[in-house]
Amino acid sequence: GYTRSPVEKIKVYTGIDDTGATDGAAVLVVLAGASGPLSPADVAAVAANFESPRKYSYGVTLRVISAEAYTVALTGAVTIRRSSGRSIAEVQAAITRALTAHQADPVESGIGAEIDDTKLRAVVIDADRAAIKSYAATAPVSPVLLSFKQVPVYDASALTYALS
């Protein structure tokens, strides 16, 4: 049993199957956790809840799936104010925490969402405004549109850092 559901994000579609094909009898439930896709065991547990007792109409084809991860790679240069006293490692950790929190947001980083590149830049800068002098993003530089069953997973490993 679960003490807390791992499901943090959910999107329900009617009239399409898990391939995106039109099917008037289909109901598709796409699930994700705060950090991305769910495990098969978690998806099976949620699917079982729909079945016992049955919580959908007869004649409906219900499909419960995990969202697919879509890696959003952030690249660019972060300039750190030397006068802030923060190390590169401290700023990297702050950016990681900020992106993790943004990734958990079911609206900004939801299933099938449009990822706003300008908000991602703000998340990076706002991670530690006192230390981050600038962030010159090289990717993404335009909105990222996810498919109906994708959820973003942010990767900041390619960011470069310099003290100024």
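For clarity, every value in this text was computed on a predicted model and none was experimentally measured. (Residues numbered from 1 in each chain as written. Predicted model: local features only at pLDDT ≥ 70, side-chain atom pairs only at ≥ 80, totals over all residues. Heavy atoms only, no water.)

Asks: Please explain the packing of aromatic side chains as it appears in this structure.
Replies: Here the distance between the centres and the angle between the planes together describe a pair of aromatic rings. Within this structure, the stated rule accounts for one aromatic pair. Relative to Phe 148, the ring of Tyr 13 lies with its centre 5.7 Å away and its plane at 85 degrees, an arrangement referred to as edge-to-face. Here Tyr 13 is found in strand E1 (residues 9-16), whereas its partner Phe 148 is found in the loop between strand E7 (144-145) and strand E8 (150-163), with 135 residues between them in sequence. Since its relative accessible area comes to 16%, Tyr 13 is described here as buried. (Phe/Tyr/Trp six-rings, centres within 6.5 Å; stacked < 30°, edge-to-face > 60°. Helix = DSSP H or I, 4+ residues; strand = E, 2+ residues; numbered from the N terminus. Buried < 20%, exposed > 50% of the residue type's maximum accessible area, 1.4 Å probe, protein only.)

Asks: How should the nonpolar core be read in this particular structure?
Replies: The nonpolar side chains of a soluble globular protein tend to be buried with one another. Counting residues in each nonpolar core, the largest one holds 22 residues, and the members touching the most others are Leu 74, Val 78, Val 91, Ile 95, Leu 99 and Leu 159. Every residue in contact with Leu 99, bar those within four places of it in the chain, is listed here: Leu 74, Leu 120, Val 123, Tyr 154 and Ala 156. (Core = buried A, V, L, I, M, F, W, Y, C linked by side-chain atoms within 4.5 Å. Contact = heavy atoms within 4.5 Å.)

Asks: How do you make sense of the sheet that holds E8 when you look at a structure like this?
Replies: Paired through backbone hydrogen bonds, the strands of a sheet run either parallel or antiparallel to each other. The strand order across the open sheet formed by three strands is E6-E4-E8, and the pairing between neighbours is mixed. Here the strands that pair on one side only, and so sit at the sheet edges, are strand E6 (132-139) and E8. Recorded for the sheet is a direction-independent mean angle of 30 degrees between the axes of neighbouring strands. Both strand E4 (residues 68-80) and E6 contribute to a ladder of six bridges, which runs antiparallel. Bridge pairing in E6 links Ile 80 to Ile 132. Packed onto the sheet, helix H2 (residues 88-104) meets E4, E6 and E8 and runs at close to 165 degrees relative to E8. (Pairing = 2+ DSSP bridges. Axes fitted to C-alpha atoms, helices over the stretch in contact; angles between N-to-C directions.)

Everything listed is a geometric property; what it means functionally is a separate question.
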